[in-house]
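Residue-level listing of the chains:
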Amino acid sequence: MTYDIESLLATLNAQQRAAVTASDGPVLVLAGPGSGKTRVLAHRVAWLLAHEGAAPWRVLAVTFTNKAAREMRSRLGRMLGDDAAREMTIGTFHATCARILRREAEHAGLDRNYLIFDSDDQLAVVKRVVKALGLDDKRYRPRALHAAISRAKNELLAPADYPVLTYYDEIVKRVYGKYQETLQESNALDFDDLLVEPVRLFRENPEVLDKYRRRFRYVLVDEFQDTNIAQYTLVRLLTEEHRSLFVVADEDQSIYSWRGADYRNIQRLRNDYPELVQILLTENYRSTQIILDAAQAVISRNFDRTPKELFTRKEGGPRITLREAYDEEEEAAYIVGEVRSLAREGFHWSDVAVMYRTNAQSRALEEAFVHAGIPYRLIGGTRFYSRMEIKDVLAFLRLAQNPDDDVSFLRVVGTPPRGIGARTIAKISAEAATAGLSLFRGAQRILTLGTLGGRTHNALAAFVELVAGWQADVGRMSVARLLDRILAETEYEPYLRDGTEEGEGRWENVRSLRAVVAEEPDIALVDFLTEVALVADVDEIKEDVDAVTLLTLHSAKGLEYPAVFLTGLEEGMLPHSRSLEDSPQAVEEERRLLYVGMTRAERRLYLTHAFRRNWYGNSEPAARSRFLEDLPAEVLVDTNRRRRERQAVQSSWAAPGWGASNPKPARRREVERQYSEGQRVRHRNYGEGIVQESRVERGDEIVTVLFFDNQVKDFLVGVAPLEPVSQH
DNA sequence: AAGGATTGCTTTTTT
DNA sequence: AGCAATCCTT
């Protein structure tokens, strides 16, 4: 051994040590946020190697994101040496499963060069199926059908097992069946199949299962509360014999139920492994007492949980700042101001994160940061690999790898425009269907039949020849060279660079992809495509860039920052209106989301909400989030100077919930208008301007002001920081 | 077949 | 408001 396990253990607290040194049976670590669970996981591996004589290659560690996997690997590398760490299997469920399926393709009844369909591709397949079955896509929304299919797969239900209670279920079942057929014909697996297929593989091939049980003699799972049925089943299949399972979970951080995650897997674990050793990690090393208290106050209101007493040695700390802004712009302006003042205190940009419930909320924030000249990094949003141009280029590559990928064929057969349109595609489709071929092969067949018009025939022949040429080059040249060839032959660059700024940006993205490819000169195309399909944007966070991080609460899981801003704490935003319509359990999940956000903060925490927020284009009043009511007054600094005045207005027309569906209490009040057209006014943030219009709506005066920088804004008089300017 | 205009729909959240 | 899908014109 190149390391000394005893001195490694000496750095742990008693709880952590108990977890790490628990017997080599099933262990469940219930870990609070910031309790060092990643360290515990890594130390557990070291312990297994030292005390159980585990060989590194027999260790399987499953993490939630690739980023977490990378961190785990480098941590283990530091502790045990890089060679040992390299031998271990460390990765997400999806990545690990993809690798197993590649290796066991024959047993699984798959072509080992299968492609992975991401959610966009999945939706494209559903749409095609809906069309092929002649269904009305208004009544049977592809999105909803896809969600139903995905849910079924997460629960390991094959099309034949799909429960039918209503006619709609019957349709889902049929679409699901045809969907699965299409995937098979395309030699593709979707995201969910990556989990489902290994379960099938193991169940149908006991000898294969046996091999992996022996191989993965030590199984560790992080973020166990976010596993779904398929993942749980996999874990159980692998470990029910040797029972060396070590999982880390926090039910208070379960935020992926909409994706099939089921925190009740924790309870299942207790049932299926009665000898389970449970250990609590309650010391928090991340946050100040104040932040932890506030987070606890919020989460303790959930009914569906086991109470935990977390503590920290970071006593006290600055109180949490609560701020109400007029609208999202003012909210963003406030945040920018506070970030600046944090910077003056010595915080780096990268010490700061701004979090929100929905990606759409990033816009106002981005604008404010751009305006202020503060560098920021946006996580998520339109993810790099779902940009139009990137998907196009990947579709070319996918076709090169696999001619039967119909989704990719449809995507690029007319991109860039080459004289192949809807009519031709319909003919290809019909031919492919009758001959039982993929679209690409159907196209080839049509060409030999020569049933197309001259011009169309030549256009299609040229395209088919291009693709065939690439196919011949797969494996003969590097992915980078193949990509260059594709870009040249499709004349993709001039197509993108149409003279607009947007076009330049898109080409820039393609060049970034080219750079990614170039980083791995020896990778096989199919492995590159797999890698690309399995990365998430959170994985792309580079720590060495000094920039403020903008991200959703979901992406924030597992991360920590010295200073955190949680924005949009309004009814309808957090909790999101969809969860309010859904169920009390959904609202509890929203509360956990806030808890996750709050517990990301080490030293400073800011909570903001807006008095009005833009929603589908128009500005709606917003009531402050119900979750804010649970914060004890002593942990807060309420900076809302005008709050008392506002509350009077707010409570009259914004409670509870908000939005067009909430009837405003009728309150007829004759309002005397304070402003008139042409009057000169001053706004605290926007400066001076001229009133363009003054009107009374819902008993409140609203003025439209044209500011001297030509911005036009609406304000609610009495709430907005607006005052008349005397004219001499 | 291509490109522009119009409609109608959307927003949770992501491996 | 912004964007994709669809319609409409050339």
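Structure: above.
One structure accompanies this document, and this report is about it.

Criteria and cut-off values
Residues numbered from 1 in each chain as written. Chains lettered and ligands numbered in written order. Predicted model: local features only at pLDDT ≥ 70, side-chain atom pairs only at ≥ 80, totals over all residues. Heavy atoms only, no water. 1 Å grid on protein atoms, 1.4 Å probe; cavity = no way out; pocket = protein on both sides within 12 Å on 5 of 7 lines; lining within 4 Å. Points joined across faces, edges and corners; volume = space filled by probe spheres on them. Helix = DSSP H or I, 4+ residues; strand = E, 2+ residues; numbered from the N terminus. Near = heavy atom within 4 Å. Polar contact = N/O pair within 3.5 Å; in protein donor to acceptor, adjacent residues only side chain to side chain. Pairing = 2+ DSSP bridges. Axes fitted to C-alpha atoms, helices over the stretch in contact; angles between N-to-C directions. Contact = heavy atoms within 4.5 Å. Parallel < 35°, antiparallel > 145°, perpendicular 65-115°, else oblique. Nonpolar A, V, L, I, M, F, W, Y, C, P; charged D, E, K, R; others polar. Phe/Tyr/Trp six-rings, centres within 6.5 Å; stacked < 30°, edge-to-face > 60°. Buried < 20%, exposed > 50% of the residue type's maximum accessible area, 1.4 Å probe, protein only.

**Details of empty space enclosed by the protein**
Evaluated as defined, the whole model comprises three cavities of 30 Å³ or more. Estimates place the volume of the largest cavity at around 100 Å³. Taken together, L60, V62, F93, T96, C97, I100, F202, V219, L234, V235 and L238 make up the full set of residues lining the largest cavity. Those elements that place two or more of their residues in the lining of the largest cavity are β2 (59–63), α6 (93–103) and α13 (229–239). Looking at the lining of the largest cavity, the element that brings in the most residues is α6, giving four residues.

**Here we look at the protein's contact with DNA strand C**
Near DNA strand C the following residues occur: K127, Y616 and G617. Take K127: an N or O atom from its side chain is 3.0 Å from a phosphate oxygen of DNA strand C.

**Overview of the sheet that holds strand β8 (residues 277–281)**
One open sheet holds the six strands; their spatial order is β3-β2-β6-β7-β1-β8, and the pairing between them is parallel. Both edges of this open sheet fall to β3 (89–92) and β8, since each of them pairs with a single strand only. Going across the sheet, the axis of each strand differs from the next one's by a mean of 15°, ignoring polarity. Taken together, the five bridges between strand β1 (residues 27–31) and β8 define a ladder with parallel strand orientation. Its bridge partner lying in β8, V29 is registered against I279. On top of the sheet, helix α3 (residues 37–51) reaches β1, β2, β6 (218–221), β7 (245–249) and β8; it is set at about 170° to β7, its chief contact.

**Some details on the sheet that holds strand β19 (residues 636–638)**
The strand order across the open sheet formed by seven strands is β13-β14-β12-β15-β16-β11-β19, and the pairing between neighbours is parallel. Taken across any chain shown, the strands that pair with only one partner, and hence form the sheet edges, are β13 (376–378) and β19. On average, each strand axis in the sheet is inclined to that of its neighbour by 20°, with strand direction left out of account. Sheet topology places β13 next to strand β14 (residues 548–552); three bridges connect them, and they run parallel. Across the sheet, R377 pairs through a bridge with T549, a residue of β14. Those strands touched by helix α16 (residues 328–345) are β11 (320–325), β12 (352–356), β14, β15 (561–566) and β16 (601–610), and its axis lies near 160° from that of β16. Packed onto the sheet, helix α28 (residues 584–598) meets β12, β15 and β16 and runs at close to 145° relative to β15.

**Description of the packing of helix α22 (residues 454–473) against helix α23 (residues 479–489)**
Two quantities define a packed helix pair, namely the angle between the axes and the distance from one axis to the other. At their nearest, the axes of α22 and α23 sit 11 Å apart, and the two run at 170° to each other. One way to sum up the angle between α22 and α23 is to call them roughly antiparallel. Here L466, G469, W470 and D473 of α22 come into contact with α23, specifically with L482, R485, I486 and E489. Taken together, the residues that form the contact of α22 with α23 break down as four nonpolar, one polar and three charged.

**Topic: the packing of aromatic side chains**
All chains considered together, the criterion is met by 15 aromatic pairs. Between F64 and Y256, the ring centres sit 5.0 Å apart and the planes meet at 45°, which makes this aromatic pair tilted. You can see F64 sitting in the loop between β2 and α4 (66–80) and its partner Y256 sitting in the loop between β7 and α14 (265–272), a full 192 residues away along the chain. Exposure remark for Y256: the relative accessible area of 8% places this residue in the buried category. Relative to Y176, the ring of Y162 lies with its centre 6.5 Å away and its plane at 80°, an arrangement referred to as edge-to-face. Of this pair, Y162 sits in the loop between α9 (142–154) and α10 (167–185) while Y176 sits in helix α10, placing them 14 residues apart in sequence.

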